[in-house]
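Listed here are the chains, written in short residue letters.
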Amino acid sequence: MKRRSFVLSMLSPLVLAACGGGDPKENPPPPGPLTGKDAALDAMRRAATFMSEEVAYEGGYVWSYLPDLSRSWGEMEAKRTMLWVQPPGTPSMGHSYLDAYHATGDELFYKAAEQVALALIEAQHPAGGWNYIYDFAGEASLIDWYDTFGKNGWRLEEFQHYYGNATFDDAGTAVASQFLLRMYLEKKDEKFRGPLDKAISFVTTAQYPEGGWPQRFPLMGDNYTAYVTFNDDVAGENIKFLIMCMLSLGKTELLDNIQRAMDNFVALQQPMPQPAWGLQYLDGKPVGARTYEPDAFTTHTTATNLNQLMNFYTLTGDSKYLARVPEAIDWLDTLWLPMDLQQAWDRTHPTFVEIGTNDALFVHRSGSNVVNGKYYADKNPEKAIGHYSPGRKIDVAGLRKRYEDLKAKPVGEVTAGSPLMAKGPVELPRYFSLREVSLDDLFEGRKMTTTPVTDEDAKALVDALDARGYWPVEIGLTTNPYKGDPPDTPYDMDTYASTHVGDEWDTSPYDTEKPPTTYEAKPQPVGITVDSYIKNIGALIAYIAPIE
């Protein structure tokens, strides 16, 4: 629906009469201000219209915008002609629109979701997955972005090279694939079936025989993007998507892919005395990827994989997934940071653990930009890099309790309703943007619940909506504009050792209120973010259609 026709559809009969139509005597007086759920729905419609008709570019979104749309950002500064796939980007907006449609039945939201789906279809790689970003202006424009903004983001090495393929990193392909699945299931519209089948094929074709996935595919040379990766729970996200497809489409042939992927978690857990996991693997051993990721075990990956193994047990009842869980929990229990670092960082464990010694490793950097700077690791926690946390908060007690609870229950009780044991197609959860859909949500009989939204909370959201139709928020980050290739002059001071950005040539995002000492601190810019839209619309959805 065009913006003007939408506005006219919301006008009262008296206003329409004033515009030249109808007899005022036959029209009732204008209604009073909307309240309660009527006001919430009106706010949702106005916000969706603004985002889909004013902010979106060809149906795609980045993460944040200045109010006049003169600058925009995803994980880095973006061209106006670009979309960002990584959450909370384009597919996340699509999930939000579809959720609003489920809550209201209003076709306005479905049309906005359809617009997003068509943008993602255009952005889909021929192999079936997605890159982090896409440029509607064409590949030459995208390559230009990589050669300018991307190449000079010192701490964002994944954007410093254009591979021309697709990625599993940061859940972009997983979230986009889930959204296309939902769009096809909604009305069985065949224009979504082909792209959905391509996405499924991308996941299954990219899978290694042993069950793991590379970071990027199709494979492009001998580099870290071909390593088996657990970073950002790539394997867990792919397993969840394949289970969704098996459940909703009846594709039982995907069970083999799911089984191999689950077994790969078991195979790549390292032997005692370090029964842990790393971010990436080459020839069955943990290896680094980006230059600030040393060859090491990682405590957060280990904790994530332990939870996944326990998930796999609930899916299958197979004890092999629990067999070595206690070893890894005990290993984590030996790795607590010193109390002063726990208090200073609000973290419990080091991120990286040296292979062979169990010593904590801390990553540092020297220099001032991508040309003269470098990363290195040692055992000194002082002045560790700030953009990749040197510590993690690991709930060891929670892991241990979950394991003990699972062991104490009969297997049949644990696996009751498992999606891997479903008979025939099963509906997916109705809402994907109110919170992340977990494997647990796919069990038969499970209901997704949300925190109730009060009248006062809903009214506050409605009142906070700008007249144009967006919620003004502090964007949080900004970037230096691209100004050419940085100098290679050596920089020996530690000014940028722990900052999010280097010198004025660095295009990495940073907090304007907490910049390096060489910068002038400024208030954070206020603008439009897709994250605030998704969160606020989610709250209004929960208000008008409570999920119990």
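**Q** Which residues make up the overall build of the chain, and what values go with them?
**A** Helices and strands together make up the secondary structure of the chain, namely 17 helices and 18 strands. For the chain, whose C-alpha radius of gyration is 25 Å, the value lies close to the compact-globule estimate of 24 Å for 548 residues. Across its three principal axes, the chain shows a C-alpha extent of roughly 85 × 65 × 45 Å. Taking all 548 residues of the chain together, 56% fall into the buried category. In the chain, the share of contacts with a sequence separation of at least 24, taken over all contacts with a separation of at least 6, comes to 70%. Counting 50 positive and 75 negative side-chain charges, the chain places the centres of these two groups 4 Å from one another.

**Q** Describe the sheet that holds strand 3 (residues 77-78), and please don't skip the residues or the numbers.
**A** With antiparallel pairing, the five strands of this open sheet are ordered in space as 3-2-1-18-17. Whereas interior strands pair on both sides, the edge strands pair on one side only; in this sheet they are strand 3 and strand 17 (473-474). In this structure, strand 1 (residues 64-65) lies alongside strand 18 (residues 526-529), joined through two bridges in antiparallel fashion. The residue of strand 18 that forms the bridge with Ser-64 is Thr-529. In this fold helix 17 (residues 530-544) packs onto strand 1, strand 17 and strand 18, with an angle of close to 65° to the strand it touches most, strand 18.

**Q** Outline unusual backbone geometry, supporting the account with residue identities and numerical values.
**A** For the bond running from Pro-87 to Pro-88, omega is 5°, close enough to zero to count as cis. With respect to the helices, strands and loops of the structure, Pro-88 is situated in the loop between strand 4 (82-84) and helix 4 (90-104). Positive phi values are uncommon outside glycine, yet Asp-170 reaches one of about 60°. The topology assignment puts Asp-170 in the loop between strand 6 (166-167) and helix 7 (172-187). The phi angle at Ala-171 is positive, at roughly 65°, despite the residue not being glycine. Note on placement: Ala-171 falls in the loop between strand 6 and helix 7.

**Q** Pulling in residues and values, what's your account of the side chain of Ser-532?
**A** In this structure, Ser-532 sits in helix 17. Take Ser-532: its relative accessible area is 11%, and that puts it in the buried class. In this view, Ser-532 contacts Trp-471 and Val-473; residues no more than four positions away in its chain are not counted.

Rules and cut-offs
- Along each chain, residues carry numbers from 1 onward, in the same order as the chain's sequence is written.
- Only residues with pLDDT of 70 or above have their local features reported here, since the model is predicted, and side-chain atom pairs are shown and tallied only from 80 upward, although totals for entire chains, interfaces and linings are computed over all residues.
- Only hydrogens and water are set aside; all other atoms, that is, all heavy atoms of the structure, feed into the side-chain values.
- Starting at the N terminus, helices and strands are each numbered in turn, a helix being any DSSP run of H or I of at least four residues and a strand any DSSP run of E of at least two.
- We compute the radius of gyration over the C-alpha atoms and compare it with the globule rule, which gives 2.2 Å times the number of residues raised to the power 0.38.
- The buried label applies to any residue whose accessible area, calculated with a 1.4 Å probe on protein chains only, is under 20% of its type's maximum; exposed applies above 50%, and partly exposed to all values in between.
- In what follows, a contact means two residues having at least one pair of non-hydrogen atoms within 4.5 Å.
- Positive: Lys, Arg. Negative: Asp, Glu. His and the chain ends are not part of the count.
- The atoms used to mark charge sites are NZ of Lys, CZ of Arg, CG of Asp and CD of Glu.
- Only strands that DSSP links by at least two bridges are regarded as paired with each other.
- Lines fitted to the C-alpha atoms define the axes, with helices restricted to the stretch that makes contact. Angles between their N-to-C directions range from 0 to 180 degrees.

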